[in-house]
Amino acid sequence: MQLFPKDDDEKKHFLRGIIDKTKVYVDDEWKCIGDIIDEYEIKDIIERAIFIEKDGKIEKIKLGDSW
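Below is a short write-up of the structure. (Residues numbered from 1 in each chain as written. Predicted model: local features only at pLDDT ≥ 70, side-chain atom pairs only at ≥ 80, totals over all residues. Heavy atoms only, no water.)

Turning next to the sheet that holds strand β3 (residues 29-31). A sheet is described by the order of its strands in space; here three strands give the open sequence β1-β2-β3, paired in antiparallel fashion. Two strands in the sheet have a free side with no partner beyond their single neighbour: β1 (15-19) and β3. Direction aside, the axes of adjacent strands within the sheet are offset by 25° on average. Across four bridges, the pairing between β1 and strand β2 (residues 23-26) is antiparallel. Pairing of Gly17 across the sheet is with Tyr25, part of β2. (Pairing = 2+ DSSP bridges. Helix = DSSP H or I, 4+ residues; strand = E, 2+ residues; numbered from the N terminus. Axes fitted to C-alpha atoms, helices over the stretch in contact; angles between N-to-C directions.)

Below is the structure:
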């Protein structure tokens, strides 16, 4: 049983906002499709989520979620 998360288990990034499917507000910075956040590339922006890719795997991050 693990009571506290390991450092590498903590989520580091937070999706705070999306404007017109062209810009996203992550970690107090505006980003666009193609921008890199650590090892994650922003692949697509939709109305209430983004798609990010790392090591060939694509994840959907909803507005208000962290990863």
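Take the packing of aromatic side chains next. Following the criterion strictly, the structure yields two aromatic pairs and no others. When the centroid spacing of 6.2 Å and the interplanar angle of 80° are considered together, the rings of Tyr40 and Trp67 count as edge-to-face. Here the residue Tyr40 occupies a position in strand β5 (residues 40-46), and Trp67 occupies one in the segment after β7 (57-62), the gap between them amounting to 27 residues. As far as burial versus exposure is concerned, Tyr40 and Trp67 are alike and both buried. (Phe/Tyr/Trp six-rings, centres within 6.5 Å; stacked < 30°, edge-to-face > 60°. Buried < 20%, exposed > 50% of the residue type's maximum accessible area, 1.4 Å probe, protein only.)

A few words now on the sheet that holds β7. Across the sheet, four strands lie side by side as β4-β5-β6-β7; this open sheet has antiparallel pairing. Two strands close off the open sheet at either side, each with one partner strand: β4 (36-37) and β7. As paired elements, strand β6 (residues 49-54) and β7 share six bridges and run antiparallel to each other. Across the sheet, residue Lys54 finds its bridge partner in β7, namely Lys57.

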